[in-house]
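Fold and geometry: a report
Chain by chain, the residues run as shown.
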Amino acid sequence: MPITTAIPTQTAIRYNSIQCLRAVAAILVTLYHITENISRTYHQTFLFDWFTLGYAGVDLFFVISGFIIAHTSVAYIDQPQQLKPYLEKRFYRVYPVYWLLTLPLMLVVWSFQHLSTSLITVPYPFNWQEVLKTLVLFPQHYALNAVTWTLSHEIYFYLLFALLLVSRRMGWLLGLIAVATLANGIYIYWYGGDSGTGLLRFFLLSPINLEFAFGVLVYYLHRHFRINQSGLLILVGVLAGLYLAPRTGGDFTRALTLGLPAMLIVWGAVEADRAHLYRVPSLLIHLGDASYMIYLLHFPLIIFANKILTFNGWGSVWILGMADVVLMLLIFWLSWYLHQQIEQPLIRWSKKK
């Protein structure tokens, strides 16, 4: 695989492949939750369990986030005056849409807990401390929406990168955190305790945070080197992920066996964009644009739809599975519509601030 030094250019690269990968990640996570819900509830397979590894879409999202933050913000390193605009952009990208979808979800869950407890398997503790933690995405908050734990890690990464805007010297601190995270991962792997609730060991130094660093590394490699066989890089990443993907094990195993393959996939994708090797279908670009909406909407809608169907006697696995696929397509359309009508105008408004 020939590697050459990249020559800096003033021509901006349009990273449509990143949007494509976002779409793929959102689709994988959605199909995983459909499969996992049917397996957990009925102890049966759906679509031959093809998407039991769909959770790897999360690892792909994390690596993409690392690349995007480095790509959009590395020019502001050592510029403290850019800290406020940086944090504002990150805030408006995450919280308004999250609140828009979470507050109605809280109301629905509260109503079901009081009117029909059979629809809620694990009651949400409606006290002000837990509600506040959920709304601010505090680490290890009570996840009303099962996917939001990942947003806590996203915000943590944003804050760590923000340190570089304050001073380039903060790189030493980030290096120490990375080494401590790696050491913590190795310790947990060898001495057991793959999961837990300790804030330091299982969040601040969680090995899964290394996946953001993999994305930053992709940015560095992409900026300084050119890969002539980007398709081969993507293929190796996909095959490595399929072969190595853990069905058990903690975040350290996951970071190595899914994070590193995701890094290869993202690296190959951005190199393909630089070489203009292929044209990404507009449908995937639109789904990639709406991927945050898809990510937040799909889980609660699928869970509630399945419970309502089952409650009314439509308990066949294949009926539920087909209903979920139709629902998934509707979620994709609704997410794109909400992205166009709410998320995109909000992003444009935040850029004008």
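Anything mentioned here points back to the structure above.
Predicted model, so just to flag it, every value in this text is computed and none were measured.

1. Let's talk about the pattern of salt bridges
Proximity of charged atoms lets side chains of opposite charge pair with each other. Throughout the structure, instances matching the rule amount to 3 salt bridges. In this structure, Asp59 and Arg254 form a salt bridge, with 2.9 Å as the shortest nitrogen-oxygen distance. Residue Asp59 is found in helix 2 (residues 56-73), and its partner Arg254 is found in helix 10 (residues 251-275); the two are separated by 195 residues along the sequence. For Asp59, a relative accessible area of 0% gives the class buried. Exposure remark for Arg254: the relative accessible area of 13% places this residue in the buried category. Glu271 is the partner of Arg274 in a salt bridge, and the nearest nitrogen-oxygen pair spans 2.6 Å. With Arg274 and Glu271 both in helix 10 and 3 residues apart, the pair spans about one turn of that helix.

2. What to know about the packing of aromatic side chains
As enumerated under the stated definition, the model contains 22 aromatic pairs in all. With a centroid separation of 5.5 Å and an interplanar angle of 85°, the aromatic rings of Tyr189 and Trp190 are classed as edge-to-face. The class for Trp190 is exposed, based on a relative accessible area of 64%. In this structure an aromatic cluster arises from ring pairing among Phe62, Tyr86, Trp149, Phe157, Tyr158, Phe161 and Phe212. Across the ring face of Tyr158, the terminal group of Arg90 is positioned such that the distance to the ring centre comes to 5.4 Å.

3. Here we look at the packing of helix 2 against helix 8 (residues 210-224)
Packing of helix 2 against helix 8 brings their axes to within 7 Å, and their N-to-C directions diverge by 50°. Of the possible angle classes, the one that applies to helix 2 and helix 8 is oblique. Classified by chirality, the crossing of helix 8 by helix 2 is right-handed. Here helix 2 contributes Asp59, Phe62, Val63, Ser65, Gly66, Phe67, Ala70 and His71 to the contact with helix 8, which in turn contributes Glu211, Phe212, Phe214, Gly215, Val216, Val218, Tyr219 and His222. Residues belonging to the contact of helix 2 with helix 8 are distributed by class as follows: 9 nonpolar, 5 polar and 2 charged.

4. A short note on the layout of surface pockets
The computed volume of the largest pocket comes to approximately 1400 Å³. In terms of lining residues, the largest pocket is bounded by 42 residues, among which Gln19, Arg22, Ile68, Arg90 and Arg93 are the most central. Mapped onto the lining of the largest pocket, the elements with two or more residues apiece are helix 1 (16-42), helix 2, helix 3 (83-115), helix 5 (149-166), helix 11 (282-289), helix 12 (291-311) and helix 13 (317-352). Among the elements that take part in the lining of the largest pocket, helix 2 stands out by supplying 10 residues, more than any other. Residues of the lining of the largest pocket, tallied by class, amount to 19 nonpolar, 13 polar and 10 charged.

Cut-offs and rules
Residues numbered from 1 in each chain as written. Predicted model: local features only at pLDDT ≥ 70, side-chain atom pairs only at ≥ 80, totals over all residues. Heavy atoms only, no water. Salt bridge = Lys/Arg side-chain N within 4 Å of Asp/Glu carboxyl O. Helix = DSSP H or I, 4+ residues; strand = E, 2+ residues; numbered from the N terminus. Buried < 20%, exposed > 50% of the residue type's maximum accessible area, 1.4 Å probe, protein only. Phe/Tyr/Trp six-rings, centres within 6.5 Å; stacked < 30°, edge-to-face > 60°. Lys NZ or Arg CZ within 6 Å of the ring centre and 35° of its normal. Axes fitted to C-alpha atoms, helices over the stretch in contact; angles between N-to-C directions. Parallel < 35°, antiparallel > 145°, perpendicular 65-115°, else oblique. Left-handed = near helix turned anticlockwise from the far one by under 90°. Contact = heavy atoms within 4.5 Å. Nonpolar A, V, L, I, M, F, W, Y, C, P; charged D, E, K, R; others polar. 1 Å grid on protein atoms, 1.4 Å probe; cavity = no way out; pocket = protein on both sides within 12 Å on 5 of 7 lines; lining within 4 Å. Points joined across faces, edges and corners; volume = space filled by probe spheres on them.

Functional significance is not addressed by these values, which are geometric in nature.
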